[in-house]
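Listed below are the residues making up each chain.
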Amino acid sequence: VLVERILQSAVTEKGQLKLNRESIILQELIHDVAQNASLRVQNSGGKIELDLTSELITLNADKMHLTNLISNLVDNAIKYSESKPQVHIKLSLENKKVLLSVKDSGVGIKKEHISKIFDKLFRVPTGNLHNVKGFGLGLSYVKGVLEKHGGTVDVMSELKKGSTFTIHIPYNHEKEN
């Protein structure tokens, strides 16, 4: 899986990311990601909450890359929670855009680091803490996949209170590879 992510990141950087678009029901994809992550969260006494619009959202998107993108955000929410991760995933439609947010109550990100977190290989400095493993590829990959889907990502974070990553994808977006 790690090698796959590194390759995906390298391909994204060169602009060679090819999308294998298919019709995806976003709620099903989110349920699958949440279910896969819930065992890790439950083992530490935490939980994942879903707040998904009842309106069926079908996207013409790359299922593998979209799954990896959402998994990255959920994994980060879990990894950067000091204890009992509380992850809230919200899906809604607003102004012809799909909004998907992943919110945690973790360690948060200092203001001076927020502008760099989507850069390739950037990891937020944690001093002598080495409890969070990673190579700084996840969020640059998230940004690259979203750009190929015509979308964007933004973050709101407060130190020691958590972060919320929100992705915006145009609804019925038909951008070619």
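The structure this text deals with has already been given above.
Rules used throughout
Residues numbered from 1 in each chain as written. Predicted model: local features only at pLDDT ≥ 70, side-chain atom pairs only at ≥ 80, totals over all residues. Heavy atoms only, no water. Pairing = 2+ DSSP bridges. Helix = DSSP H or I, 4+ residues; strand = E, 2+ residues; numbered from the N terminus. Axes fitted to C-alpha atoms, helices over the stretch in contact; angles between N-to-C directions. Left-handed = near helix turned anticlockwise from the far one by under 90°. Contact = heavy atoms within 4.5 Å. Nonpolar A, V, L, I, M, F, W, Y, C, P; charged D, E, K, R; others polar. Core = buried A, V, L, I, M, F, W, Y, C linked by side-chain atoms within 4.5 Å. Buried < 20%, exposed > 50% of the residue type's maximum accessible area, 1.4 Å probe, protein only. Expected span 1.5 Å × (residues − 1). Bend = angle between axes of the 7 residues up to and from the residue. Phe/Tyr/Trp six-rings, centres within 6.5 Å; stacked < 30°, edge-to-face > 60°.

Brief notes about the sheet that holds strand β6 (residues 152-158)
Then comes step 1: One open sheet holds the five strands; their spatial order is β2-β4-β5-β7-β6, and the pairing between them is mixed. One side of each edge strand has no neighbouring strand; the edge strands of this open sheet are β2 (47-52) and β6. Looking at each pair of strands side by side, their axes are set apart by 15° on average, direction ignored.
Then comes step 2: Across seven bridges, strand β5 (residues 97-104) lies against strand β7 (residues 162-170) in antiparallel orientation. Looking at β7, one finds that L100 is bridged to I167.

Some thoughts on the packing of helix α2 (residues 26-43) against helix α3 (residues 63-79)
Two packed helices can be described by the angle between their axes and the distance between those axes.
Then comes step 1: One way to put it is that α2 packs onto α3 with a least axis distance of 10 Å and a crossing angle of 35°. For the element pair α2 and α3, the recorded crossing hand is right-handed. In this structure, α2 uses L26, L29, I30, V33, A37, R40 and V41 to contact α3, whose residues at the interface are K63, L66, T67, I70, S71, V74, D75 and I78.
Then comes step 2: The residue inventory of the contact of α2 with α3, partitioned by class, reads ten nonpolar, two polar and three charged.

Notes on the nonpolar core
Most often, soluble globular proteins have nonpolar side chains that are buried together.
Then comes step 1: Ranked by internal contacts, the top residues of the largest apolar core, which has 40 residues, are L26, L69, I70, V74, I89 and F165.
Then comes step 2: For this core, the elements supplying multiple residues, two or more each, are α2, β3 (58-62), α3, β4 (86-94), β5, α5 (138-148), β6 and β7.
Then comes step 3: With near-sequence residues (within four places) excluded, V74 lies in contact with V33, A37, I48, I89 and V102.

Structural notes on α2
Then comes step 1: Under the 1.5 Å per step criterion, the end-to-end length of α2 is 26 Å for 18 residues, consistent within 8% with the ideal 26 Å.
Then comes step 2: Along α2, the sharpest kink reaches roughly 35°, centred on A37.
Then comes step 3: When we look at burial in α2, the residues that qualify are L26, Q27, L29, I30, V33, A34, A37, S38 and V41.
Then comes step 4: Check the buried side of α2 and you find it contacts β1 (21-25), β2, β3, α3, β4 and β5.

A few points about the packing of α3 against α5
Then comes step 1: Contact geometry of α3 with α5 gives a least axis separation of 9 Å together with a crossing angle of 145°. Handedness of the α3/α5 crossing: left-handed. Between α3 and α5, the residues in contact are H65, N68, L69, N72, L73 and N76 and G138, L139, Y141, V142, V145 and L146, respectively.
Then comes step 2: Here the contact of α3 with α5 is composed, by residue class, of seven nonpolar, five polar and no charged.

Quick notes on the packing of aromatic side chains
Then comes step 1: By the definition in use, this model includes one aromatic pair.
Then comes step 2: Geometrically, the ring pair formed by F118 and F165 is edge-to-face, given 6.2 Å between the ring centres and 80° between the ring planes. In this pair, F118 sits in the loop between α4 (111-114) and α5 while F165 sits in strand β7, placing the two residues 47 residues apart along the sequence. The same class applies to F118 and to F165, which are both buried.

So, the environment of S81
Then comes step 1: For S81, the position within the fold is in the loop between α3 and β4.
Then comes step 2: Measuring from C-alpha to C-alpha, the distance between S81 and D104 comes to 7.2 Å, with 23 residues separating the pair along the chain.

Brief notes about the environment of N60
Then comes step 1: Here N60 shows up in strand β3.
Then comes step 2: Given a relative accessible area of 28%, N60 falls into the partly exposed group.
Then comes step 3: C-alpha of N60 to C-alpha of S23: the two residues are 37 residues apart in sequence and 4.6 Å apart in space.

Some points on unusual backbone geometry
Then comes step 1: Unusually for a residue other than glycine, N95 sits at a positive phi of about 50°.
Then comes step 2: Counting through the fold element by element, N95 comes out in the loop between β4 and β5.
Then comes step 3: Although it is not a glycine, K160 sits at a positive phi angle of roughly 65°.
Then comes step 4: Residue placement: K160 occurs in the loop between β6 and β7.
Then comes step 5: Judged by its relative accessible area of 71%, K160 falls in the exposed class.

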